[in-house]
Amino acid sequence: MQLYTGMAIFNEKSLQGKFTDVVVKDDSISFDVSYYGNSYTVSLKKKQGSLYKGIATHQQTRTEISLTARVVVDHEADLIIISGSEWREEGKEWVWFAEISAL
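Notes on the structure in this doc start here. (Residues numbered from 1 in each chain as written. Predicted model: local features only at pLDDT ≥ 70, side-chain atom pairs only at ≥ 80, totals over all residues. Heavy atoms only, no water.)

**Some remarks on the pairing of strand β5 (residues 51–58)**
Of the pairings in the sheet, the one linking strand β4 (residues 38–48) to β5 comprises 8 bridges and is antiparallel in character. Bridge pairing links threonine 41 to threonine 57 in β5. Hairpin connection of β4 to β5: 2 residues between the antiparallel strands, including glycine 49 at a positive phi of 55°. Counting the residues that bridge the hairpin from β5 to strand β6 (residues 64–74) gives 5 residues, and of these arginine 62 lies at a positive phi of roughly 70°. (Pairing = 2+ DSSP bridges. Helix = DSSP H or I, 4+ residues; strand = E, 2+ residues; numbered from the N terminus.)

**Observations regarding the nonpolar core**
If you look at the biggest cluster of nonpolar residues, it comprises 21 residues, and the most contacted ones within it are Phe31, Val42, Ile82 and Trp87. Counting only elements with at least two residues in this core, the list comes to β2 (17–24), β3 (28–35), β4, β5, β6, β7 (79–89) and β9 (96–102). The biggest single contributor to this core is β6, with 4 residues. (Core = buried A, V, L, I, M, F, W, Y, C linked by side-chain atoms within 4.5 Å. Buried < 20%, exposed > 50% of the residue type's maximum accessible area, 1.4 Å probe, protein only.)

**Some words on the packing of aromatic side chains**
Following the criterion strictly, the structure yields 2 aromatic pairs and no others. Taken together, a centroid distance of 5.2 Å and an interplanar angle of 85° make the contact between tyrosine 40 and tryptophan 87 edge-to-face. You can see tyrosine 40 sitting in strand β4 and its partner tryptophan 87 sitting in strand β7, a full 47 residues away along the chain. Overall, tryptophan 87 belongs to the buried group, its relative accessible area being 2%. Where tryptophan 87 meets tryptophan 96, the ring centres are 5.6 Å apart and the plane angle is 75°; that geometry is what we call edge-to-face. Summarising the burial analysis for this pair, tryptophan 87 and tryptophan 96 share the class buried. Of the aromatic side chains, those joined through ring pairs into one cluster are Tyr40, Trp87 and Trp96. (Phe/Tyr/Trp six-rings, centres within 6.5 Å; stacked < 30°, edge-to-face > 60°.)

Next comes the structure, spelled out in structure tokens:
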């Protein structure tokens, strides 16, 4: 199994999230991310082309957050770029970005 690492950045904040347990399959991506003391399990499934939809589950409260993202995979560079256009939490909608690369 290929091992991966990555980072996540949310538009309004500058601290990078820390990734663990990244799993990449042909039609899905999942990972755990910790950000400003909050931990989430993110699961995205491919819908059409580069469009992915899924959920982020807050690990402490078990709250499920709907996600929409575009995913670009560069197989030559072993790099995955995720541009998130939906992450609604506590009355705010976040634009987010994640970069995942092979170790």
